[in-house]
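# Structural overview for review
Each chain is listed here by its residues.
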Amino acid sequence: MIELLARWCIPDRDNVTSPSVRRAYGTLCGIVGIALNILLFAGKFFAGQLSGSIAVTADAFNNLSDAGSSAVTLLGFRLAGRKPDTDHPFGHGRIEYISGLAVAGLILLMGVELAKESVGKILHPTLVDFSWLVIGILAASICVKLYMAVYNRSIGKRLNAPVLLAAATDSLSDCVSTLAVLLATLVGHFSGIAIDGWVGILVALFILKGGIDAAKDTID
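Let me begin by describing the structure that accompanies this report. Since this is a predicted model, take the numbers as computed values, not measurements.

What counts and how
Residues numbered from 1 in each chain as written. Predicted model: local features only at pLDDT ≥ 70, side-chain atom pairs only at ≥ 80, totals over all residues. Heavy atoms only, no water. Axes fitted to C-alpha atoms, helices over the stretch in contact; angles between N-to-C directions. Helix = DSSP H or I, 4+ residues; strand = E, 2+ residues; numbered from the N terminus. Parallel < 35°, antiparallel > 145°, perpendicular 65-115°, else oblique. Left-handed = near helix turned anticlockwise from the far one by under 90°. Nonpolar A, V, L, I, M, F, W, Y, C, P; charged D, E, K, R; others polar. Core = buried A, V, L, I, M, F, W, Y, C linked by side-chain atoms within 4.5 Å. Buried < 20%, exposed > 50% of the residue type's maximum accessible area, 1.4 Å probe, protein only. Salt bridge = Lys/Arg side-chain N within 4 Å of Asp/Glu carboxyl O. Polar contact = N/O pair within 3.5 Å; in protein donor to acceptor, adjacent residues only side chain to side chain. Patch = residues over 30% accessible without salt bridge, like charges linked within 9 Å, V, L, I, M, F, W, Y side chains within 5 Å. Areas by Shrake-Rupley, 256 points an atom, 1.4 Å probe, with all protein chains shown as cover.

The interhelical angle for the contact between helix 2 (residues 19-51) and helix 5 (residues 132-159), taken along N-to-C directions, is 165°, at an axis separation of 10 Å. Relative to helix 5, helix 2 is oriented roughly antiparallel. Here helix 2 runs over helix 5; the crossing is left-handed. A per-class count over the contact of helix 2 with helix 5 returns 17 nonpolar, 6 polar and 4 charged.

In structure tokens, the structure reads:
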């Protein structure tokens, strides 16, 4: 979908050294990311309310945070494409790195929040209401996030854009997070064992590692 939109919306799209082309790619990825993450938030929030699952609801707000990350990506590329001025004679390209670091910070924040939610689930374990609709929404979310990771990584490497590579890492972390929630829901239903909290801790550690790695790459 991104490649098709790029053909329609970005003239001279192969000239990735051009500031205007880079800005156009960043804008496109940011808009698509915001739209997809808002849709995922709506679907998961509905699923969380339907099942009474704190884990699913928390995962929904993780996607809402990702929409914010996409907005940061969009803003970063728009600002980075500004022309040099008196205070910035070499241009504003390094804003891409600052926005990449902001995305990494959001990844770390969501990792901490998920860890706190998971500890609460461990201390007060409860089974959730099972629904195949919820399972379907979570499975669809994993597929969408995998797609987002692929296109962000592909374009991020093409443009050498840390903010898009950080967004790809975030999307992969979300895949693992949602997969863990999906598996915990299935295990809880078929075994009667509430493992949401323990799975959440493992996912939180994975997300935190992804955020630290993204921050290190951006700082380097």
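Having seen the structure, we can now continue with the description.
Moving on: the nonpolar core. Note that soluble globular proteins tend to have their nonpolar side chains buried in a common cluster. Ranked by internal contacts, the top residues of the largest apolar core, which has 29 residues, are I10, Y25, I155, L159, L164 and V203. For this core, the secondary-structure elements that each account for two or more residues are helix 2, helix 4 (95-123), helix 5, helix 6 (162-191) and helix 7 (196-219). Membership of the second largest hydrophobic core comes to 10 residues, among which are V134, L138, I142 and L182.

Right, let's get into the pattern of salt bridges. In total, this model carries 3 salt bridges according to the counting rule given. The salt bridge involving K44 is made with D59; its shortest N-O contact spans 2.9 Å. Taken as a pair, K44 in helix 2 and D59 in helix 3 (residues 54-80) lie far apart in primary sequence, 15 residues in all. Residue classification places K44 among the buried residues on the basis of a relative accessible area of 1%. Residue K116 pairs with E113 through a salt bridge whose shortest N-O separation is 3.6 Å. Of this pair, K116 and E113 both sit in helix 4, 3 residues apart, which is roughly one turn of the helix. A relative accessible area of 53% means that K116 is categorised as exposed.

In this section: the side chain of K145. As for its placement among the helices and strands, K145 is situated in helix 5. Engagement of the side chain of K145 in a polar contact is seen with the side chain of N37, the distance being 2.7 Å.

Turning our attention to the packing of helix 5 against helix 6. Their axes nearest at 8 Å, the elements helix 5 and helix 6 cross at an angle of 160°. Here helix 5 is positioned roughly antiparallel relative to helix 6, judged by the angle of their axes. For the pair helix 5 and helix 6, the sense of crossing is left-handed. Here the contact of helix 5 with helix 6 is composed, by residue class, of 20 nonpolar, 7 polar and 4 charged.

This part covers a nonpolar patch on the surface. Together, F45, F61 and L64 give the surface a local cluster of nonpolar side chains, amounting to about 240 Å² of exposed area. With respect to the helices and strands, F45 occurs in helix 2. Given a relative accessible area of 32%, F45 falls into the partly exposed group.

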